[in-house]
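Here is what each chain is made of, one letter per residue.
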Amino acid sequence: MKTIGYNEPLYIQPFDHRGSFETKMFGWHGDLTEAQTAEIAAAKRVIYDGFKWAIEAGVPKQHAGILVDEQFGAAILRDAKSEGFMTACPAEKSGQDEFDFEYGADFAAHIEKFQPTFSKVLVRYNVEGDPALNRGQADRLRQLSDYLREKSQSRFMFELLVPAEKAQLDRVKGDKKAYDVEIRPPLMVRAIEELQDAGVEPDVWKIEGLDRREDCKKIVEVATRGGRTQVGCIVLGRGEDDKKVHEWLATAAGVKGFIGFAVGRTDFWDPLVNFRAGKISRDEAVAEIGGHYREFVRVFQTSASAQQ
């Protein structure tokens, strides 16, 4: 049984988006043809090449990794592993409000097929939401947690989203910014505690950006409570613009226990859209994506060093 936790620097380029790629990037709905699947896979290869560009440009390889799905990124996962990069692969069905396994009861076979450094889940979990829904999610998540800890080489990465309940938004008169600053942080703390108590034991918590350092400290305190001293936290980008992501990275980087980030759409969306529209070349898109990723690494490292 593995010791819980991962606390080395961790800079992830995520592009495991599936539903949003199909509908928002390509405008496709329903079952994909083989040609459409190949076209999405080729687009994801542009992002992966941007990641490799950043490594060549100086991002430390030993702390860099990709997060990509099996459906469109199987060849990328194999290549990344052969190149010695850290890899992460999602276990959840895309675009659902309730967590369930992408491959149902066969989830373990798919994990072992690629043996990623991290198996990742994206979970929407609000402690003041539907109790039955939360219990069902926790049961399935515990099943995955136990498997990864006891039977797999992959570690567990947990992306926690806390969408607002209507009553919570009503408390701040519908102001989503106020929800993010005042209401969401304590809900995140409670969600982590509740999931841990249900037997869900991630090695890394992937956390929505926080505006206040004291909230980052509270997240680390609950993530590492009860002897979970090696557990790490990373910041996700939520598709926000560069300025906002820089703020979140700088805020978290100075807090011991926040070890890095996983910023995806902010890196790659606009360059990929412009490349597909013929506005920039493939090489230009690769360099732009890689440049964004490298800059986020620089911001995190610089902010962390400044606080030491």
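Right above here is the structure, for reference.
Residues numbered from 1 in each chain as written. Predicted model: local features only at pLDDT ≥ 70, side-chain atom pairs only at ≥ 80, totals over all residues. Heavy atoms only, no water.

Undergrad: Help me understand helix 10 (residues 265-276), please; the structure alone is not making it clear to me.
TA: The α-helix advances 3.6 residues per turn, and as a result positions three or four apart in sequence lie on the same side. Between its first and last C-alpha atoms helix 10 spans 15 Å; for twelve residues at 1.5 Å apiece the expected length is 16 Å, and the two agree. Among all positions of helix 10, only Thr266, Asp267, Phe268, Trp269, Pro271 and Leu272 are buried. The inward-facing, buried residues of helix 10 contact strand 1 (10-14), helix 1 (19-25), helix 2 (34-56), helix 9 (242-253) and helix 11 (282-306). One or two residues past the end of helix 10 sits glycine 278, with phi positive at roughly 80°. (Helix = DSSP H or I, 4+ residues; strand = E, 2+ residues; numbered from the N terminus. Expected span 1.5 Å × (residues − 1). Buried < 20%, exposed > 50% of the residue type's maximum accessible area, 1.4 Å probe, protein only. Contact = heavy atoms within 4.5 Å.)

Undergrad: Before we go on, may I ask you to explain the packing of helix 2 against helix 3 (residues 70-83) in this structure?
TA: Between two packed helices, the angle of one axis relative to the other and the distance separating the axes together describe the packing. Relative orientation of the contacting elements helix 2 and helix 3 amounts to 30°, with a least axis distance of 7 Å. In this view, helix 2 runs roughly parallel relative to helix 3, as classed from their interaxial angle. Here helix 2 runs over helix 3; the crossing is right-handed. Residue-level contacts link Thr37, Ile40, Ala41, Lys44, Arg45, Tyr48 and Lys52 of helix 2 to Gln71, Phe72, Ala75, Ile76, Asp79, Ala80 and Glu83 of helix 3. Residues of the contact of helix 2 with helix 3, tallied by class, amount to seven nonpolar, two polar and five charged. (Axes fitted to C-alpha atoms, helices over the stretch in contact; angles between N-to-C directions. Parallel < 35°, antiparallel > 145°, perpendicular 65-115°, else oblique. Left-handed = near helix turned anticlockwise from the far one by under 90°. Nonpolar A, V, L, I, M, F, W, Y, C, P; charged D, E, K, R; others polar.)

Undergrad: Please explain the environment of proline 90 as it appears in this structure.
TA: Within the secondary structure, proline 90 sits in strand 3 (residues 86-90). Here proline 90 falls in the buried class, since its relative accessible area comes to 9%. Put simply, proline 90 and serine 119 are 29 residues apart on the chain and 5.9 Å apart in space, counted from C-alpha to C-alpha. If we ignore the near neighbours within four places in the chain, the residues touching proline 90 are Asp16, Arg18, Leu67, Val68, Asp69 and Lys120.

Undergrad: What exactly am I supposed to notice about the nonpolar core here?
TA: Side chains that are nonpolar tend, in soluble globular proteins, to be buried together. Phe21, Phe158, Trp205, Phe258 and Phe261 are the most contacted members of the largest nonpolar core, which totals 91 residues. When near neighbours in sequence (up to four residues on either side) are disregarded, tryptophan 205 contacts Phe158, Leu160, Ile192, Leu195, Gln196, Ala223, Val231, Gly232, Cys233 and Ile234. Residues Ile12, Leu67, Met86 and Ala262 belong to the second largest nonpolar core, which totals twelve residues. (Core = buried A, V, L, I, M, F, W, Y, C linked by side-chain atoms within 4.5 Å.)

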